[in-house]
Amino acid sequence: MVDTDVGANAQDRQDDRNGEAVSRFVERFAAQLTDAGMQRMAARVFAQLLASDGGAMTSAELGEALRISPAAVSGAVSYLTQVNMVSREREPGSRRDRYVLHNELWYETFTRRDQVLTLWEKTLREGAATLGADSPAGARIAETAAFFEFLQGEMLAMMDRWRDHRKKLGLD
C-alpha cells in the first residue's frame, strides 16, 4: 500500500527526534563547511535543509529552526542559490517560497567544480607559456596546471564510479 501522506509521516519522524541533538548536528556540520570556506550563515541554512526530511523549508521555518532573522535567511539563500546548491520553489497554493536542495546535490556540486578546474587549467597553461616553461615560475605554474588536469580526470572517473555505486545501493 502506498502512503499518500508522506509529509505527515516526515513531520511525525521529525517530532520524535531530539531537537537539541539535531541542532548540535546542524551547527557542527555548518562549522565544518565554514572551515572549508563557505559563508557561515549559508552553511547553517544548508545544513538545516540537509537535516530536514523534505530537503525543503520556508524562510520562516529556517529562521525559527536556526533562530536567525529573515534578512539572514535571505542573504544565505541568495548565496546558496547563486552557487546552485538550492533553488526557490513557490509553495503550492501559497505566496511563500520554499528553499529546496537540488537532487544529486553533491554530484552537481563536484561537476561544477570540474568546470572550474578546466578553466583554471587553461589559464595556468597560458600563464606557463607566457612566463616560459624554463623559468622557475613557469615550471611551477605548468606543474599546477598538470595537477588540475590530473585531478579533473580522476574526478570524472570517480563520478562515474559514484553513479554505479548509487545503483548498487538502490539510491536511483
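Every value quoted in this text rests on a predicted model; they were computed, and no experiment measured them. (Residues numbered from 1 in each chain as written. Predicted model: local features only at pLDDT ≥ 70, side-chain atom pairs only at ≥ 80, totals over all residues. Heavy atoms only, no water.)

A. Local environment of the packing of aromatic side chains. If you walk through the whole model with that rule in mind, you get 3 aromatic pairs. Between phenylalanine 25 and phenylalanine 29 the ring centres are 6.1 Å apart and the planes differ by 5 degrees, which places this aromatic pair in the stacked class. Highlighted residues: phenylalanine 25 and phenylalanine 29, both in helix H2 (residues 19-35), separated by 4 residues, approximately one helical turn. A relative accessible area of 33% means that phenylalanine 25 is categorised as partly exposed. (Phe/Tyr/Trp six-rings, centres within 6.5 Å; stacked < 30°, edge-to-face > 60°. Helix = DSSP H or I, 4+ residues; strand = E, 2+ residues; numbered from the N terminus. Buried < 20%, exposed > 50% of the residue type's maximum accessible area, 1.4 Å probe, protein only.)

B. Focus on the sheet that holds strand E2 (residues 86-90). Spatially, E1-E3-E2 is the arrangement adopted by the 3 strands of the open sheet, whose pairing is antiparallel. The open sheet has two free edges, formed respectively by strand E1 (56-58) and E2, since each of these has just one partner strand. Taking each pair of neighbouring strands and ignoring which way they run, the sheet shows an average axis angle of 30 degrees. Bridge count for E2 against strand E3 (residues 97-101) is 5 bridges, and the pairing is antiparallel. (Pairing = 2+ DSSP bridges. Axes fitted to C-alpha atoms, helices over the stretch in contact; angles between N-to-C directions.)

C. View of the pattern of salt bridges. Across all of its chains, the model carries 6 salt bridges by this definition. Its salt-bridge partner being aspartate 53, residue arginine 17 comes within 2.9 Å of it at the nearest N-O pair. Of the two residues, arginine 17 is situated in the loop between helix H1 (6-16) and H2 and aspartate 53 in the loop between helix H3 (40-51) and E1; the sequence distance between them amounts to 36 residues. Residue class for aspartate 53 comes out partly exposed when judged on its relative accessible area of 31%. (Salt bridge = Lys/Arg side-chain N within 4 Å of Asp/Glu carboxyl O.)

D. Just the packing of H3 against helix H4 (residues 59-66), in detail. Running from amino to carboxyl end, H3 crosses H4 at an angle of 105 degrees, the nearest separation of the two axes being 10 Å. Regarding the angle of H3 to H4, the classification is roughly perpendicular. Contact residues: Arg44, Val45, Gln48 and Leu49 in H3; Leu62, Ala65 and Leu66 in H4. Its residues placed into classes, the contact of H3 with H4 shows 5 nonpolar, 1 polar and 1 charged. (Parallel < 35°, antiparallel > 145°, perpendicular 65-115°, else oblique. Contact = heavy atoms within 4.5 Å. Nonpolar A, V, L, I, M, F, W, Y, C, P; charged D, E, K, R; others polar.)

E. Geometry of the pairing of E3. Strand direction decides the pairing type here: E1 and E3, joined by 3 bridges, are antiparallel. Its bridge partner being in E3, alanine 56 is matched across the sheet by valine 100. Hairpin remark: E2 followed by E3, antiparallel, with 6 residues in the connecting loop; positive phi at glycine 93, about 75 degrees.

F. Up close: the nonpolar core. In this structure, Met38, Val45, Phe46, Leu49, Leu62 and Leu80 are the most contacted members of the largest nonpolar core, which totals 24 residues. If you list the elements that add at least two residues to this core, you get H2, H3, H4, helix H5 (70-82) and E3. Of the residues forming this core, the biggest block, 7 residues, is contributed by H3. Look past the residues within four positions of phenylalanine 46 in its chain and what remains in contact with it is Phe29, Leu33, Leu80, Met85, Leu101, Leu105 and Trp106. (Core = buried A, V, L, I, M, F, W, Y, C linked by side-chain atoms within 4.5 Å.)

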